[in-house]
Amino acid sequence: RLRVLPAATLTLARMLTLGVTGAASGDILTVTRLDVTANTYAVVNGGPGAGTLLTMPVSSRYFADFYFSGSNWTLMRAGAMAA
């Protein structure tokens, strides 16, 4: 599964909640931010252990992989992407 935030779409800080409905243990979800505006993009666990998993920095192309344990999403890896 892949989610891409296109370039130049953030006009405010935003948040994406990773839901657990339909997710199966072992699922990996990749979220990619191509936007380089001066706004943050947070990714939140929608499971019972709710909380912010990652806040992607401002003005930076960024990616993150999240793993579903069967009840919660966790951050596997993340990093900046070349321009």
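Scroll up a little and you will see the structure.
Quick caveat, the model's predicted, so the values are computed rather than measured.

Participant: Help me out: how do you make sense of the nonpolar core in this one?
Facilitator: Grouped burial of nonpolar side chains is what soluble globular proteins tend to show. Leu18, Val31, Leu54, Met56, Phe66 and Trp73 are the most contacted members of the largest nonpolar core, which has 14 residues in total. Looking at this core, the elements that each hand over two or more residues are strand S3 (28-33), strand S4 (41-45), strand S5 (51-56) and strand S6 (62-68). If you tally residues by element for this core, the top one is S6, at 4 residues. Non-local contacts of Met56, meaning those with residues more than four positions away in its chain, are made with Val31, Arg33, Thr40, Tyr41, Val43, Tyr62, Phe63 and Ala64.

Participant: How should I be thinking about a nonpolar patch on the surface in this particular structure?
Facilitator: A contiguous nonpolar patch, built from Ile28, Tyr67 and Met76 and spanning about 260 Å² of accessible area, is present on the exposed surface. Residue placement: Tyr67 occurs in strand S6. Overall, the relative accessible area of 32% leaves Tyr67 in the partly exposed class.

Conventions used here
Starting afresh in each chain, residues are numbered from 1 along the sequence in its written order. Reporting in this predicted model follows two pLDDT cut-offs: at least 70 for local features of residues, and 80 or more for side-chain atom pairs to be given and counted; totals over whole chains, interfaces and linings ignore these cut-offs and use all residues. Each side-chain value is derived from all of the structure's non-hydrogen atoms; neither hydrogens nor water enter the calculation. To form a nonpolar core, buried Ala, Val, Leu, Ile, Met, Phe, Trp, Tyr and Cys residues must be joined to one another through side-chain atoms within 4.5 Å. In this scheme, a residue with accessible area under 20% of its type's maximum is buried, one over 50% is exposed, and one in between is partly exposed, where area comes from a 1.4 Å probe on protein chains only. Counting from the N terminus, the helices are the DSSP runs of H or I reaching at least four residues and the strands are the DSSP runs of E reaching at least two. Should any heavy atoms of two residues lie within 4.5 Å, those residues are counted as being in contact. Surface patches are defined over residues having more than 30% relative accessible area and no salt bridge, joining like charges when they lie within 9 Å and nonpolar side chains (Val, Leu, Ile, Met, Phe, Trp, Tyr) when within 5 Å. Only the protein chains shown count as covering a residue, and every accessible area follows the Shrake-Rupley method with a 1.4 Å probe. Salt bridges are defined as contacts in which a side-chain nitrogen from Lys or Arg sits within 4 Å of a carboxyl oxygen from Asp or Glu.

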